[in-house]
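Fold and contact review
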Amino acid sequence: QVQLVESGGGLVQAGGSLRLSCAASGRTFINMGWFRQAPGKEREFVAGIRTWTGSTNYADSVKGRFTISGENAKNSVSLQMNSLKPEDTAVYYCAAALVWPFSTAREIGNWGKGTLVTVSS
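This structure is a prediction, so every number in the text was calculated from the model and none was measured.

Parameters and conventions
Residues numbered from 1 in each chain as written. Predicted model: local features only at pLDDT ≥ 70, side-chain atom pairs only at ≥ 80, totals over all residues. Heavy atoms only, no water. Pairing = 2+ DSSP bridges. Helix = DSSP H or I, 4+ residues; strand = E, 2+ residues; numbered from the N terminus. Axes fitted to C-alpha atoms, helices over the stretch in contact; angles between N-to-C directions. Disulfide = S-S within 2.5 Å. Buried < 20%, exposed > 50% of the residue type's maximum accessible area, 1.4 Å probe, protein only. Contact = heavy atoms within 4.5 Å.

Let's shift gears to the sheet that holds strand β8 (residues 76-81). Taken in spatial order, the 4 strands of this open sheet run β1-β3-β8-β7, and their pairing is antiparallel. The sheet terminates laterally at β1 (3-7) and β7 (66-71), the two strands that pair on one side only. Between one strand axis and the next, the sheet turns through 15° on average, direction left out of account. Here 5 bridges tie β1 to strand β3 (residues 18-25), and the two strands are oriented antiparallel to one another. Looking at the pairing, Gln 3 lines up with Ser 25 of β3.

This part takes up the state of the cysteines. Considering all chains together, one arrives at 1 disulfide under this definition. A sulfur-sulfur distance of 2.0 Å marks the disulfide that ties Cys 22 to Cys 94. Where Cys 22 bonds to Cys 94 through sulfur, the torsion about that S-S bond is close to -80°, and the disulfide is left-handed. Taken together, the residues Cys 22 in strand β3 and Cys 94 in strand β9 (residues 90-97) connect sequence positions 72 residues apart.

Mapped onto the fold, Thr 118 is located in strand β11 (residues 115-120). A relative accessible area of 27% means that Thr 118 is categorised as partly exposed. Those residues in contact with Thr 118, other than ones at most four positions away along the chain, are Gly 10, Leu 11, Val 12 and Thr 89.

As far as function goes, none of this settles anything; it's purely spatial.
And the structure:
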């Protein structure tokens, strides 16, 4: 059974940091990343990584603030979020993509259940 399990969400003040982690099981994924969905908005791409090569890509809104990392051997991916803003508040979903690079939900084959990140002003 394929599973992606997120951890690390929570409440933080603006300007603070959080680290999200995702552990995959059931099969090995090489293209992994994060999407987020704020209330009343569509799910949007945040960051992706091709774990075998270390190649990464980011949404413009998080460049310079968020860093994605992955460990192919551990089948896991993390997202270090710094300088958080209230507009970063959302449910963050771990994703395993079918292609590289990826940036849309249509390119995702497996999703985690999500973890809530709330940034207070």
